[in-house]
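Here is how the chains run, residue by residue.
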Amino acid sequence: MERKNSFWNKLQAWVNGEEALIHADEFIAKQKPYEQRRHLSPPKVEDIKSNKGLYGFLCVLISLVFIVVMLLVVSELPTFGEANNPANNEVMERYLEDGLKETGATNFVAGMILDYRAFDTFGESNVLFLAVISVLLLLQRDKKNIDAREDKEIAEDEAMDRADHKWILQIGAKYLSPVIILYGIYVILNGHLSPGGGFSGGSIIGGGLILYAAAYGHECVHRFLNIRSFTIISVGCLLTYCACKSYSFFTGANHVGYEIPKGIAGHILSAGFILPLNICVGLIVACTMYGFYALFTKGDI
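Here the structure is a predicted model, which is why all the values come from computation and not from measurement. (Residues numbered from 1 in each chain as written. Predicted model: local features only at pLDDT ≥ 70, side-chain atom pairs only at ≥ 80, totals over all residues. Heavy atoms only, no water.)

Turning our eyes to something else, we now look at the overall build of the protein. Of regular secondary structure, the protein possesses 13 helices and zero strands. The linear arrangement of helices and strands in the protein, starting from the amino end, is α-α-α-α-α-α-α-α-α-α-α-α-α. Buried positions account for 27% of the 301 residues belonging to the protein. Pairs at least 24 apart in sequence give 69% of the contacts found in the protein among residues at least 6 apart. (Helix = DSSP H or I, 4+ residues; strand = E, 2+ residues; numbered from the N terminus. Buried < 20%, exposed > 50% of the residue type's maximum accessible area, 1.4 Å probe, protein only. Contact = heavy atoms within 4.5 Å.)

Pasting the structure below:
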């Protein structure tokens, strides 16, 4: 006589689809003790919220604890300008005393982030590129992400948007967008001479592109910034950045004998590789800003 739980009986139950029923019965049997103990479980968040007095008391208590902790932390911070302040160390002195001589940039911030800490900035630029590529993979308008119904809705929204004559916005964007983009270029090119640089200038250029796209639609921007040009600009800038700083760190920075000329401090063509690095960072930031806007507004790069 065969045992009830033999291998062949289990195989026959699996073929006949009876195994799922057996597992379901076992699951229900295991859930019964849990159902019996559920009334002994601690109160849920919904139960606490329903009691307005208790909920308000807990909110005030948590807020007071957080405020006290923050005040204690602030009270332990060193006094601003104190000689023994941890900020007053040899790193800060090196930046201020030797920054102009070693980087050639009169803007010490640009010299710090694009020379002393250039690898950190290179990592940040890679993070921006990877972020927009990830969003592009998730939100790009293709057969994998958008079906026919959603594509039809987007087409209807675009048709309604084109039919809406935004005269004030279009006239403003017509005159303001070129000025904004031109000012962003100025901020990038003078980042090593005055406050500014690749991040701030790229943000300004991205804002100008977003304003132009909001007024005239994504199709107008696609004439010069599409997925092909976006990829070429971003990858080209990252490779240029990597090549410049690899050369800098493995030759001039380590005094191998091929020191990179700094030029004349205060001139536009000075500070070694800081100017081209600012241009690379600015282009990456501008493309990233517009890419996020285009994808999150159901558009496309």
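That covers the picture; the talk isn't over yet.
As a packed pair, helix H6 (residues 108–116) and helix H13 (residues 274–296) sit with axes 10 Å apart at the nearest point and diverge in direction by 85 degrees. With respect to H13, the element H6 is oriented roughly perpendicular. Along its contact with H6, which presents Ala110, Gly111, Leu114 and Asp115, the element H13 presents Ile274, Leu277, Asn278 and Val281. Here the contact of H6 with H13 is built from residues that sort into five nonpolar, two polar and one charged. (Axes fitted to C-alpha atoms, helices over the stretch in contact; angles between N-to-C directions. Parallel < 35°, antiparallel > 145°, perpendicular 65-115°, else oblique. Nonpolar A, V, L, I, M, F, W, Y, C, P; charged D, E, K, R; others polar.)

The next point concerns the packing of aromatic side chains. Enumeration over the complete set of coordinates arrives at six aromatic pairs. Between Tyr290 and Tyr293, the ring centres sit 6.5 Å apart and the planes meet at 40 degrees, which makes this aromatic pair tilted. In this pair, Tyr290 and Tyr293 are both assigned in helix H13, three residues apart and thus about one turn of the helix distant. Assessed through its relative accessible area of 1%, Tyr290 is described here as buried. (Phe/Tyr/Trp six-rings, centres within 6.5 Å; stacked < 30°, edge-to-face > 60°.)

Along the chain, Asn88 falls in the loop between helix H4 (52–75) and helix H5 (90–103). Sequence-distant contacts of Asn88, defined by excluding residues within four places in its chain, comprise Glu82 and Ala83.

The relative placement of two packed helices is expressed as an angle between their axes plus a distance between the axes. Between H5 and H6, the least distance of the axes is 10 Å, while the angle of their chain directions is 70 degrees. Overall, the two elements H5 and H6 adopt an arrangement that is roughly perpendicular. Judged by residue contacts, Arg94, Tyr95, Leu96, Asp98, Gly99, Leu100, Glu102 and Thr103 of H5 engage Phe108, Gly111, Met112, Asp115 and Tyr116 from H6. Split into classes, the residues belonging to the contact of H5 with H6 amount to six nonpolar, three polar and four charged.

For the rest of this paragraph, the subject is the nonpolar core. Most often, soluble globular proteins keep nonpolar side chains buried together rather than apart. Grouped together as the largest cluster of nonpolar side chains are 17 residues, with contacts concentrated most on Leu114, Leu238, Tyr241, Ile274, Leu277 and Val281. Taken together, the elements giving at least two residues each to this core come down to H6, helix H7 (118–139), helix H12 (227–252) and H13. At six residues, the largest contribution of residues to this core is made by H13. With residues up to four places along the chain from it excluded, the contact list for Leu238 reads Phe122, Ser125, Asn126, Phe129 and Ile284. Counting 16 residues, the second-largest nonpolar core is a separate cluster that includes Val135, Leu209, Ala213 and Ala294. (Core = buried A, V, L, I, M, F, W, Y, C linked by side-chain atoms within 4.5 Å.)

Here the focus is the pattern of salt bridges. Oppositely charged side chains may form a pair once their charged atoms are brought near each other. Counting across every chain of the model gives three salt bridges. For Arg94, the salt bridge is made with Asp98, and the minimal N-O distance between the two is 3.7 Å. In this pair, Arg94 and Asp98 are both assigned in helix H5, four residues apart and thus about one turn of the helix distant. Arg94 gets classed as partly exposed once you look at its relative accessible area, which sits at 41%. (Salt bridge = Lys/Arg side-chain N within 4 Å of Asp/Glu carboxyl O.)

Take a nonpolar patch on the surface next. On the surface, a nonpolar cluster with roughly 690 Å² of combined accessible area is contributed by Leu54, Phe57, Leu58, Leu61, Ile62, Val65, Val69 and Val73. Counting through the fold element by element, Leu54 comes out in helix H4. (Patch = residues over 30% accessible without salt bridge, like charges linked within 9 Å, V, L, I, M, F, W, Y side chains within 5 Å. Areas by Shrake-Rupley, 256 points an atom, 1.4 Å probe, with all protein chains shown as cover.)

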